[in-house]
Amino acid sequence: MSEHFGYSPSFKRPAEILRMRCKRARSDTGAGSTDRPEQSGSSPTCVRTFSPEPLSGAQNHSGVGIKRRNPFAKIENTYSPKKKRLTFSDASCNPENSDSSGITNNERDEESSKREGTLDLALSFRLDEAQKQEYRQASSQKSGSLSESDVLLEEEPEHIKSPLLKSPQASAPTAAPVCTQYPADWSLKTRLLLTSLVSLSWAEQLKAQEEAQGLSQHCKAQFSSLPHSPQDPRSCSELRCAFQQSLVYWQHPSIPWLSLFPRINAERSFFGKSAPWAHDATIQQSLMTEWSVSLSSLYSLLKARLCPYFYLCSYQFTVLFRAAGLGGSSSITAFISPTTRGLREAMKAEGIEFTLPLLEEQRRCREAQKQTIHQEEEQEEQEVTCSKLSDTVDGGDHDGDYRDEDSTLSWLKEMGVQDKIKKPDLHTLHLHKEGHVMSVDHKPESVICVKGLHTFTLINFFINWKGVVASSGSQAGLPPTLLAPSAFRGATMHTLKSRCVNVRSQVGSSYQNISSLEITGPVLPSSLHAILTLLRPAQKGNFSAALYTHTPTAVMNVHSTKQQVGEASVELSSCGLHPASIQQLQQPSTLGKTALTHITMNNYSYTWKN
């Protein structure tokens, strides 16, 4: 191979180049054999000639205008090289019969060598190792010797050989997992925007009888069975009644000309509105008395598991009270967000124990990182410690970090400026120590968790603490808003506002009619679950929902315990919620300090964003 210019031993010659060289080598050998026709049958080095079948039609010795039959038409498609050789044995052993075909020996040998080279290439691709060796031995007996290009041509398919691949239809496609539930979200929503290609007009203009039946079912905590796939949702009375039932919530206090949710940063909604209690202490005292009765009633219902949860919305913070068995906790829990140092100090003064879940989680993460770094630098610290001990032995004891303030400022006395430097007092040192805790005021990290019997102390704290009511501003003298999914003493029944609109939206290069349903008001977690459960059969399992969260309540999805409660579903069966909603709210939330912003159902499977 070295005589070929530009050839590299590691270079694999293309099959086309090898095939052309094989044809050229065989044609040259065939031309040499035509000069001595008498030795074509006896010389072992001669190339075996191939005699094609007779011409189709009449014989024409000029060879013009007559088509020749395919010489491979009667060759059997078999893997055995012996059968291949037997097929050509008659024509190759009788060269005289080929003279009557009207072609010269040069043309016949050239054509025969071309076809034999093509056949050799095809067979070399199909035969296994044993068949290839057998075929090489048979070829060596016929031709006596193989050229360099022949060897390369036969060995190349061994590298090309590859296993058979299965067609895409052979393996069945794996079905995508179906998610029938979204994670529990304990945040309050101020607005829902539901969209679907299927009309949502069934949710508007309820009949008087359907509205009355929905309110009655809510008060009696009755839930009717819904059809799996209603043909016409507008004519399905059960679906429309259940939708009205899912919009109901209970609130105290209730002032018709004021919107009492949200209360944080809501001065604009109170501006210019009549507030007769702002400068009347008698009215303020009357409002606080009624509010205290309602709050005590709510906690009693919560303790008896007749009310699953409720919210207390103040002008500066929001509180979520949850019954035992919800959120994976075996006791009553309360989350307050956001908080300030003043509120936390006041709770400590009343003996209320609480935790800061997000700060504790950050502290655990920092400790884990410090432990990792400590393990890496442990050896270096030991060396530094040994060097310090040796210095102590040589030069005496050093106070190090245990020096008192006088010894710390001894170098100032030597300079004579100790009187001009003001020492930090204990109060300043205490504030500096708690600086990292004060920096989280009014932030999501300031959320605190109260559990167990301390929640009852927390209720009494809110009833007696004057800071729960604004002393100035547009909300001065107005008690916090209480929201609950079930009735309680002094509560007023309210319903969420719904509005259906049909719009045309561009999808790709075309426009489609999209139906939208807007729901406004304090959307409770159970109301959100009930509404989405109704949309599942009504919209044929395809819809999307945009959720607008009340920001201070987004961090209420944190949980400080991983304990699961097995019998909570039985104990909460009389709380007034649908069993499916209870089952969802029992699970610990996995959202952390975030809340859901989008929920999409596609082919009856949920996906969400937070």
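How each quantity is defined
Residues numbered from 1 in each chain as written. Predicted model: local features only at pLDDT ≥ 70, side-chain atom pairs only at ≥ 80, totals over all residues. Heavy atoms only, no water. Salt bridge = Lys/Arg side-chain N within 4 Å of Asp/Glu carboxyl O. Helix = DSSP H or I, 4+ residues; strand = E, 2+ residues; numbered from the N terminus. Buried < 20%, exposed > 50% of the residue type's maximum accessible area, 1.4 Å probe, protein only. Pairing = 2+ DSSP bridges. Axes fitted to C-alpha atoms, helices over the stretch in contact; angles between N-to-C directions. Phe/Tyr/Trp six-rings, centres within 6.5 Å; stacked < 30°, edge-to-face > 60°. Lys NZ or Arg CZ within 6 Å of the ring centre and 35° of its normal. Expected span 1.5 Å × (residues − 1). Core = buried A, V, L, I, M, F, W, Y, C linked by side-chain atoms within 4.5 Å. Contact = heavy atoms within 4.5 Å. Arc of directions from axis to C-beta.

(A) Layout of the pattern of salt bridges. The final tally for this structure, using the stated rule, is six salt bridges. A salt bridge links E445 to K593, with the shortest nitrogen-to-oxygen separation between them at 3.2 Å. With E445 in the loop between α16 (435–438) and β6 (448–451) and K593 in the loop between α20 (579–586) and β12 (598–602), the pair connects residues that are 148 residues apart, well separated along the chain. Since its relative accessible area comes to 15%, E445 is described here as buried. Beyond isolated ion pairs, a larger network of salt bridges with shared partners links R191, R499 and E518.

(B) Spotlight on the sheet that holds strand β13 (residues 605–609). Read across the sheet, six strands follow the order β9-β10-β1-β11-β12-β13 without closing on themselves; strand pairing throughout is antiparallel. Each of the sheet's edge strands pairs with one partner strand only, and the pair in question is β9 (497–507) and β13. This sheet shows a mean twist of 20° between the axes of neighbouring strands, independent of strand direction. When β9 meets strand β10 (residues 510–523), the two strands line up antiparallel, connected through 11 bridges. Bridge assignment links V507 to a residue of β10, and that residue is S510.

(C) The packing of aromatic side chains, seen in detail. One pass over the full model with this rule turns up 10 aromatic pairs. For the ring pair Y309 and Y311, a centre distance of 6.0 Å and an interplane angle of 80° mean the geometry is edge-to-face. With respect to burial, Y309 and Y311 carry one shared label: buried. The structure contains a cluster of three or more aromatic residues connected by ring pairs, namely F317, F461, F462 and W465. Across the ring face of W186, the terminal group of R322 is positioned such that the distance to the ring centre comes to 4.9 Å.

(D) Local environment of unusual backbone geometry. P253 follows H252 through a cis peptide bond whose omega is -10°. Note on placement: P253 falls in the loop between β2 (248–252) and α8 (267–270). Note that the residue after S337, namely P338, is joined by a cis bond; omega there is -15°. Phi angles above zero are rare outside glycine, and R305 is one such case at about 60°. With respect to the helices and strands, R305 occurs in the loop between α9 (281–303) and β3 (309–313).

(E) Local environment of helix α18 (residues 525–538). Between its first and last C-alpha atoms α18 spans 21 Å; for 14 residues at 1.5 Å apiece the expected length is 20 Å, and the two agree. Along α18, the residues classified as buried are P525, S526, S527, L528, H529, I531, L532, L534, L535, P537 and A538. Directly beyond the C-terminal end of α18, a positive phi value near 60° is found at K540.

(F) Fine view of the nonpolar core. Y311, M347, L458, F462 and L532 are the most contacted members of the largest nonpolar core, which totals 92 residues. Those residues in contact with Y311 that lie beyond four places of it in its chain are W186, S187, L188, T318, V319, L320, T481, L482, L483, L524, P525 and M556. With seven residues, the next largest nonpolar core counts L258, L260, F270 and L478 among its residues.

(G) Geometry of the pairing of strand β1 (residues 189–196). As defined by bridge partners, β1 adjoins β10 across seven bridges and the pair is classed as antiparallel. Residue L192 lies in a different strand from β10, and its bridge partner there is I519. For β1 and strand β11 (residues 542–549), the ladder comprises six bridges, and the chain directions are antiparallel. Among the inter-strand pairings, L193 is bridged to a residue of β11, identified as A546.

(H) Representation of helix α10 (residues 341–349). Looking only at α10, the buried set comprises L343, R344, A346 and M347. Summarising the axial view, the buried residues of α10 lie within an arc of 160°, below the 170-degree limit, and thus occupy one face. Just downstream of α10 lies G351, where phi reads positive at about 80°.

(I) Molecular detail of the pairing of β2. Judged by how many residues are buried, β2 sits mostly within the fold: five of five residues are covered. On β2, burial covers both faces: V248, W250 and H252 on one face and Y249 and Q251 on the other are all buried. Here β2 runs beside strand β8 (residues 492–495); their pairing, made up of four bridges, is antiparallel. Paired with W250 across the two strands is M493, which belongs to β8.

Distances and angles like these do not, on their own, reveal function.
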